[in-house]
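In case you want the letters, here they are:
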Amino acid sequence: MKKKKANSGENAPPVSKCPDNTAFKQQRIPAWMPTLNAPSVLSTFYIIGAFCLAVGISMIVATSNVQEIWVTYSDYCSVCTELRKNSSYSEIPCTCTASFSVPEEMKGNVFMYYGLTNFFQNHRRYVISRYDTQLLGKNVTTEENVVKQSYCSPFTVYPNGTPMAPCGAIANSLFNDSITLSFHPNTSTTIQVPLLRTGNTWWSDKNVKFQNPKPKDNLIQAFAGSGRPPYWQKTPYALDSLDPHNNGYENDDFINWMRVAALPNFRKLYRRVSLVQEFSNGLPAGNYSYTIEYNFPVSRFSGQKHVILATLSWCGGSNMFLGIAYTVTGALVILTAFVMLAVHLKNKKQRKTFSRK
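Cut-off values and rules
Every chain begins its residue count from 1, and numbering advances along the sequence as written. Only residues with pLDDT of at least 70 get local features here, since the model is predicted, and only at 80 or more are side-chain atom pairs given and counted; chain-wide, interface and lining totals rely on the full set of residues. Excluding hydrogens and water, the side-chain values take into account all heavy atoms of the structure. Put simply, DSSP H or I for four residues or longer makes a helix, DSSP E for two residues or longer makes a strand, and each gets a number counted from the N terminus. The globule rule used for comparison is 2.2 Å times the number of residues to the exponent 0.38, while the radius of gyration itself is calculated over C-alpha atoms. By definition, residues are in contact when any of their heavy atoms lie within 4.5 Å. We get accessible surface area from the Shrake-Rupley algorithm with a probe of 1.4 Å; when it comes to residues, only the shown protein chains can shield them. Only four residue types enter the tally: Lys and Arg on the positive side, Asp and Glu on the negative side, with His and both chain ends excluded. Charged side chains are reduced to one point each, which is NZ for Lys, CZ for Arg, CG for Asp and CD for Glu. By definition, disulfides here are pairs of cysteine sulfur atoms that lie within 2.5 Å. Burial here depends on accessible area, computed with a 1.4 Å probe over protein chains only, as a share of the maximum for the residue type. Under 20% is buried, over 50% is exposed, and the range in between is partly exposed. UniProt positions are given in the numbering used here, feature names are shortened, and annotations may be inferred rather than shown by experiment. Only strands joined by at least two bridges in the DSSP assignment are considered to pair. Stacked, tilted and edge-to-face are the three classes assigned to paired rings of Phe, Tyr and Trp, where Trp is represented by its six-membered ring and a pair needs centres within 6.5 Å; plane angles under 30 degrees give stacked, over 60 edge-to-face, the rest tilted. Salt bridge criterion: a side-chain nitrogen from Lys or Arg within 4 Å of a carboxyl oxygen from Asp or Glu. Axes here refer to lines fitted to C-alpha atoms; in helices the fit is confined to the stretch in contact. Angles between the N-to-C directions go from 0 to 180 degrees.

### Quick word on the overall build of the chain
Across its full length, the chain carries 12 helices and 11 strands. Over its C-alpha atoms the chain spans a radius of gyration of 32 Å, topping by over 25% the 21 Å that the globule rule assigns to 357 residues. For the chain, contacts bridging at least 24 residues in sequence account for 78% of all contacts bridging at least 6. Here the chain has roughly 21800 Å² of accessible surface; of this, 59% comes from carbon and sulfur atoms. In the chain, 36 side chains carry a positive charge and 21 a negative one; their mean positions are 22 Å apart.

### Remarks on the state of the cysteines
Summed over the entire model, instances satisfying the criterion amount to 3 disulfides. Each disulfide pairs two cysteine sulfurs, and for C77 the partner residue is C96, the sulfurs being separated by 1.7 Å. On the sign convention where negative means left-handed, the S-S torsion of about 70 degrees between C77 and C96 marks this disulfide as right-handed. In this pair, C77 is assigned in the loop between α3 (73-76) and α4 (78-83) and C96 in strand β2 (residues 95-102), connecting sequence segments 19 residues apart. With a sulfur-sulfur separation of 2.2 Å, C152 is cross-linked through a disulfide to C167. Note that C152 is positioned in the loop between α7 (143-148) and α8 (169-172) and C167 in the loop between α7 and α8, a separation of 15 residues in sequence. We classify C152 as buried; its relative accessible area is 0%.

### Structural notes on the UniProt feature "transmembrane region" (unreviewed entry) in the chain
UniProt tags residues 41-62 and 320-343 as "transmembrane region" (unreviewed entry). Spanning residues 41-62, this segment combines 100% helix with 0% strand, and its end C-alpha atoms are found 32 Å apart. With 96% helix and 0% strand, the stretch residues 320-343 has end C-alpha atoms that lie 35 Å from each other.

### Digging into the pairing of strand β1 (residues 68-71)
Every other side chain in a regular strand lies on the same face of the sheet, so the side chains alternate between the two faces. The side-chain alternation of β1 yields one buried face, formed by I69 and V71, and one unburied face, formed by E68 and W70. Pairing between β1 and strand β11 (residues 305-310): 4 bridges, direction antiparallel. Bridge assignment links I69 to a residue of β11, and that residue is L309.

### A short note on the packing of aromatic side chains
Under the criterion given, the structure shown has 21 aromatic pairs. With centroids separated by 6.2 Å and ring planes inclined at 80 degrees, the aromatic side chains of Y73 and Y294 adopt a geometry described as edge-to-face. With Y73 in helix α3 and Y294 in the loop between β10 (286-293) and β11, this residue pair connects regions lying 221 residues apart in the sequence. Like Y73, the residue Y294 is buried in the burial classification.

### Side note on the environment of G49
One can find G49 in helix α2 (residues 38-64). For G49, the residues in contact, after removing those within four places along its chain, are G330, V333 and I334.

### A look at the pattern of salt bridges
Counting across every chain of the model gives 11 salt bridges. The salt bridge involving R259 is made with D205; its shortest N-O contact spans 2.9 Å. With R259 in the loop between α11 (252-258) and β8 (266-273) and D205 in helix α9 (residues 203-209), this residue pair connects regions lying 54 residues apart in the sequence. Taking the relative accessible area as the measure of exposure, R259 reaches 31% and is therefore partly exposed. Between D252 and K206 there is a salt bridge; the shortest N-O distance is 2.6 Å. With D252 in helix α11 and K206 in helix α9, the pair connects residues that are 46 residues apart, well separated along the chain. By relative accessible area, D252 is classed as buried at 0%. Beyond isolated ion pairs, a larger network of salt bridges with shared partners links D205, K209 and R259.

### Concerning the pairing of β11
Within β11, 6 of the 6 residues are buried, which leaves the element mostly enclosed by the surrounding structure. Residues K305, V307 and L309 line one face of β11 and the alternating positions H306, I308 and A310 line the opposite face, and both faces are buried. The pairing of strand β4 (residues 111-116) with β11 spans 6 bridges and is classified as antiparallel. The residue bridging Y114 from the neighbouring strand is V307, located in β11.

### Points about unusual backbone geometry
P154 follows S153 through a cis peptide bond whose omega is 10 degrees. A positive phi is found at N118, a non-glycine position, where the angle reads about 65 degrees. With respect to the helices and strands, N118 occurs in the loop between β4 and α5 (124-127). Located in the positive-phi region is Q277, a residue other than glycine, with phi close to 50 degrees. In this fold, Q277 is placed in the loop between β8 and β9 (282-283).

### Considerations on the sheet that holds β10
Within the open sheet, the 4 strands sit side by side as β2-β10-β5-β6. Their pairing is antiparallel. In the strand order of this sheet, the two ends are held by β2 and β6 (189-192), each with one partner. Direction aside, neighbouring strands of the sheet carry axes that sit 30 degrees apart on average. Bridging between strand β5 (residues 178-186) and β10 involves 7 bridges; their strand directions are antiparallel. The partner of L181 across the bridge, within β10, is Y290.

Written out as structure tokens, the structure is:
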């Protein structure tokens, strides 16, 4: 009798699911496994603790040498503060002066910040009220662009259909006070301190995230067919009358404002002192004054406005948090190492006593 041919699929050997027989897949690659004993563990703890202590103390020393001078000018400018309570007077100019003194010379680079208190830029609806595609320089008047700006509402389009550029609550609430700094070497002389208006942003923001619409060499034409945000006093292409390259979405003040703060009390970089002439080494000690064109209202949210002059150290500004964190961490690690050493010596002594018995 002829035997029936068996189905090749039925008698085929099962497909192996094991990894390939290689050193990598079979985990046979040579490896180093540290031997965890008391000397090595304790030495590691001591080294890490000493490193953290050294870094923390260095940061605290460097930060303590940072100079800062705060001026709360919303208190000096009480008349302007009252005027800005009524939005119908927003177009009426108001200027005030705040005088102060610099007790010691501020050497090196000096930075000017404006600060706000009780302003919640971290509110969820506020944070998402922007259109990043528009800020990349896309056409601001196309129908598709207007539709995609819907989450900028209510700062999207005007009742007549004109789109806002830039749109959104963040852009609409742009900080628009103008601050100039003057030096008074004596009672009869006033020298205006030269301040740098550009170079105050992150490179990635200035060159990647914010781009003016085309044609970039004619921003009036680029923004034609759109309107400025309701609370703006200037059009986007006229934010900086002194530097034509510092206008539109590439304006430094606008870029810094669009990077929202995480806390309700914050500061943002406004200007840098230009190290020329009398100020080649920084700000000399003496009497100074701010001349402020007061536009930004703060009474609606019970806030205050500040101007801060500050120097920097190798680890940043005057915030002690990082230095204290390193110091505390280092102290805790060393303390833990001492506790572990005491426990180890105690157990070692008990083992010796037990072995003698």
